[in-house]
Amino acid sequence: METLAYNDLRGFIEEAKKVSDWREIDGADWDGEIGALVETAAELVPQPPMLIFNRIKGYPAGFRVLSLPYAAYKRVAVAFGLSPEKSKLELVRLLAKKMKSAKPIPPQVVKNSPLMENVIEGDKVDLFKFPAVRFHEQDGGRYIGTGDCLINADLEGKFINVGTYRMQLHDRNLLGLWMSPGQHGRLICMKYWEQGKSCPVVVNFGLHPVVFSISHTKIAWGRSELDQVGGIIGRPLEILRGPLTGLPIPASSEIAIEGEVPPPSVESRPEGPFGEWPGYYSGGTLGTGEPQPVIRVKAIYHRNDPILEDEAPLWPGAVKIDLNPTAGILWDQLESAGIQDVVGVYNHTPYLCVVAIKQRYSGHAKQAGLAALSCSASARNGRYVVVVDEDIDPTNMKEVLWAMMTRVDPATNIDLIDKCWSTPLDPRMPPDKRAAKDHTNSRAVFYAVRPFEWRDKFPKTSRTSREMREQIVKKFGDVIPFPKG
Ligand SMILES: Cc1cc2nc3c(=O)[nH]c(=O)nc-3n(C[C@H](O)[C@H](O)[C@H](O)COP(=O)(O)O)c2cc1C
Ligand SMILES: [Mn+2]
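Residues numbered from 1 in each chain as written. Chains lettered and ligands numbered in written order. Predicted model: local features only at pLDDT ≥ 70, side-chain atom pairs only at ≥ 80, totals over all residues. Heavy atoms only, no water.

## A word on the site of ligand 1
In the vicinity of ligand 1, 19 residues are found, and the nearest of them are Thr164, Tyr165, Trp178, His184 and Lys218. In the environment of ligand 1, an oxygen atom lies 2.7 Å from a nitrogen or oxygen atom belonging to the side chain of Tyr165. Taking 630 Å² as the accessible area of ligand 1 by itself, protein coverage stands at 85%. A total of three residues in the shell around ligand 1 trace back to one element, the largest contributor, which is strand β8 (residues 160-163). Its residues assigned to classes, the shell around ligand 1 shows four nonpolar, eleven polar and four charged. (Near = heavy atom within 4 Å. Polar contact = N/O pair within 3.5 Å; in protein donor to acceptor, adjacent residues only side chain to side chain. Areas by Shrake-Rupley, 256 points an atom, 1.4 Å probe, with all protein chains shown as cover. Helix = DSSP H or I, 4+ residues; strand = E, 2+ residues; numbered from the N terminus. Nonpolar A, V, L, I, M, F, W, Y, C, P; charged D, E, K, R; others polar.)

Laid out in structure tokens, this is it:
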């Protein structure tokens, strides 16, 4: 297995600079300016630049915010030690294979790390030291944690979970937490709360790219995300033992805190509003009508000149994570379910899932579409599944729309299915359903394929073939500035 060309976020940034565009921006304000710049840059196609904000208004030089590290698939490839020269669809597959074949390797405790260059404890704890950002115009506060991971340990047994949950900066030593129902971090906290205890936690900000990626990927309950990271990087992840909690702290983190989450009956706060990935304010206290847990912060550790990582979600037209491992996981799940000749899978946010097949028999497209509705990698928070033929690249939205516009007969090629698994985040959730906690929604499956029975009579496409295009662009590529990648 290839090893990674970097050891931490800083090392990754240097590698990412070699394969894609990046900019350092001085003097932006954490209140509105950074968020607007990031969103505008994230709308650039095909590969938004990585942005490093420095000399943020009111903050010393060196206290930086990193944005859009994974908004270009070439940078995601570098993060996983894959070749940035491959196509996006090839990378979806390679990444899934890498994740699947990785054998868990437990982390290794080390004594020293640059994370301990600055130790701030007790009354000195002040989280306003970091340039936490108000990302979207109507966010209810500043968020320090978006590119973060929360680590806590199950009361029973030895299970240690790692999950990415956003964190609002309520006070110098108080963070707000939004862990949606069923999240592992929340399930663990609840066991402590049932006994009237606070749950000890560690949170890291500014993460090793593989730690971040696995932290926001659904790994089965009871399986250690940290061991999974070790498997992917091919050696044990180095950790420190938290001096106060004994919990593992990835030594490569830029910033970490230790603290505890009291039972919400003892302490909780309104959370949000916060712009969500569907592009609306719909989660947290707005979505549930309830105040949310908080973290009482007891210690801060950080590297000199720390980098805060921004992974705040944006509306679906602005891409923040250009290549999500979930697509590859779904691809594997479809094949495990026996769907043959799946040639591509991609999720353009959970709401639009595209599966490309080489049709082998009538009914094949329906089989693939209905399976995609229910696989664990795509069942939650869905809305549309689109099945396309093998000439359509599911990662390419223009091609997917073309297939939907030209190969679907709306009267006969769309299935509607009700009562599927959604969440309070869904902006289309009617108020009465939300109040009744009926978090389900309906789905449409589009069969945007040439009808199998008369596929040979379907008009031929007029678009220049990929092969011809490649040859001619090679010849005239200097004349017209075709984007690379
Ligand atoms: C940038 C980003 C932010 C996220 N924020 C939240 C959040 O605030 N609350 C939440 O419940 N899930 C959030 N998620 C999804 C979880 O990280 C994901 O479901 C993960 O699997 C949770 O870990 P767990 O499965 O161990 O609970 C976020 C994902 C990403 C990529
Ligand atoms: Mn988990």
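## Topic: unusual backbone geometry
The step from Val45 to Pro46 runs through a cis peptide bond, and the omega angle for that step is -5°. Tracing the sequence through the fold places Pro46 in the loop between α2 (33-42) and β2 (50-54). That bond from Gly272 to Pro273 is cis: its omega, -5°, falls within 30 degrees of zero. Its place among the elements puts Pro273 in the loop between β14 (255-261) and α8 (284-288). Here the phi dihedral of Asn381 falls at roughly 65°; this positive angle occurs in a residue that is not glycine. You can see Asn381 is positioned in the loop between α10 (364-374) and β19 (384-389).

## Focus: the pattern of salt bridges
Scanning the model with the defined rule gives 32 salt bridges in all. Where Asp391 meets Arg450, a salt bridge forms, and the shortest distance between an N and an O atom there is 3.4 Å. Residue Asp391 is located in the loop between β19 and α11 (397-407), and its partner Arg450 is located in the loop between β21 (440-448) and α13 (466-476); the two are separated by 59 residues in the primary sequence. Asp391 gets classed as partly exposed once you look at its relative accessible area, which sits at 27%. The class of Arg450 is buried, set by a relative accessible area of 18%. (Salt bridge = Lys/Arg side-chain N within 4 Å of Asp/Glu carboxyl O. Buried < 20%, exposed > 50% of the residue type's maximum accessible area, 1.4 Å probe, protein only.)

## Topic: a nonpolar patch on the surface
A contiguous nonpolar patch, built from Met468, Ile472, Phe476, Val479 and Ile480 and spanning about 480 Å² of accessible area, is present on the exposed surface. On the basis of relative accessibility, which here comes to 63%, the residue Val479 falls in the exposed class. (Patch = residues over 30% accessible without salt bridge, like charges linked within 9 Å, V, L, I, M, F, W, Y side chains within 5 Å.)

## Topic: the environment of Gly182
Its place among the elements puts Gly182 in the loop between β10 (174-177) and α5 (184-194). Residue Gly182 is classed as partly exposed on the basis of its relative accessible area, which comes to 44%. Ignoring any residue separated from it by four or fewer positions in sequence, one finds Gly182 in contact with Leu187 and Lys218. (Contact = heavy atoms within 4.5 Å.)

## As for the domain arrangement of the protein
The domain boundaries assigned to the protein delineate domain 1 (84-301) and domain 2 (325-474). Its C-alpha centre places domain 1 at a distance of 32 Å from the equivalent point of domain 2. Counting the surface lost from both domain 1 and domain 2, the interface buries some 2,000 Å², and carbon and sulfur atoms represent 67% of this. Taken as a group, Leu89, Arg93 and Trp277 account for 34% of the area that domain 1 buries against domain 2, more than any other trio of residues on that side. Inspection of the region where domain 1 meets domain 2 yields four salt bridges. Residue Glu335 pairs with Arg93 through a salt bridge whose shortest N-O separation is 2.9 Å. For the pair domain 1 and domain 2, the number of links is four residue pairs in polar contact (both at pLDDT 80 or more). (Domains from an automatic or database assignment. Buried area = accessible area lost by both parts, 1.4 Å probe.)

## Structural notes on the sheet that holds strand β1 (residues 22-26)
Ordered by their spatial adjacency, four strands build an open sheet running β1-β2-β3-β16, and the pairing between neighbours is mixed. Of all strands in the sheet, those with a lone pairing partner are β1 and β16 (307-310), marking the two edges. Adjacent strand axes in the sheet meet at a mean angle of 20°, parallel and antiparallel pairs treated alike. When β2 meets strand β3 (residues 64-67), the two strands line up antiparallel, connected through three bridges. Each bridged residue has a counterpart across the sheet, and for Phe53 the counterpart in β3 is Val65. (Pairing = 2+ DSSP bridges. Axes fitted to C-alpha atoms, helices over the stretch in contact; angles between N-to-C directions.)

## Focus on the pairing of β2
Buried residues dominate β2, accounting for five of its five residues. The parallel pair β1 and β2, bridged by α2, forms a crossover whose chirality is right-handed. (Right-handed = clockwise from strand over helix to strand, strands pointing away.)

## Section: the pairing of strand β11 (residues 199-205)
The buried count for β11 comes to six of seven residues, which makes it a mostly enclosed element. As judged from the four bridges shared by strand β7 (residues 148-153) and β11, these two strands associate in the antiparallel manner. Counted as the bridge partner of Cys149 is Asn204 from β11. Note that β11 and β14 share seven bridges and pair antiparallel. Directly across from Pro200, in β14, lies its bridge partner Glu260.

## Brief notes about the packing of aromatic side chains
Using the criterion set out here, one finds ten aromatic pairs in the structure. Plain terms: the ring middles of Tyr70 and Phe212 are 5.9 Å apart, the flat faces sit at 15° to each other, and that makes the pair stacked. Of this pair, Tyr70 sits in the loop between β3 and α3 (73-79) while Phe212 sits in helix α6 (residues 209-215); the two residues are 142 residues apart in sequence, bridging distant segments of the chain. Each member of the pair, Tyr70 as well as Phe212, carries the same accessibility label: buried. Aromatic pair Tyr143 and Phe274: ring centres 4.1 Å apart, planes at 35°, arrangement tilted. Of the two residues, Tyr143 sits in strand β6 (residues 143-145) while Phe274 sits in the loop between β14 and α8, which places them 131 residues apart along the sequence. Side by side, Tyr143 and Phe274 carry an identical accessibility label, which is buried. A network of ring pairs unites the aromatic residues Tyr6, Phe12, Tyr70 and Phe212 as a single cluster. Across the ring face of Trp22, the terminal group of Lys17 is positioned such that the distance to the ring centre comes to 4.0 Å. Above the face of the Trp402 ring, Arg407 is positioned so that its terminal group lies 5.5 Å from the ring centre. (Phe/Tyr/Trp six-rings, centres within 6.5 Å; stacked < 30°, edge-to-face > 60°. Lys NZ or Arg CZ within 6 Å of the ring centre and 35° of its normal.)

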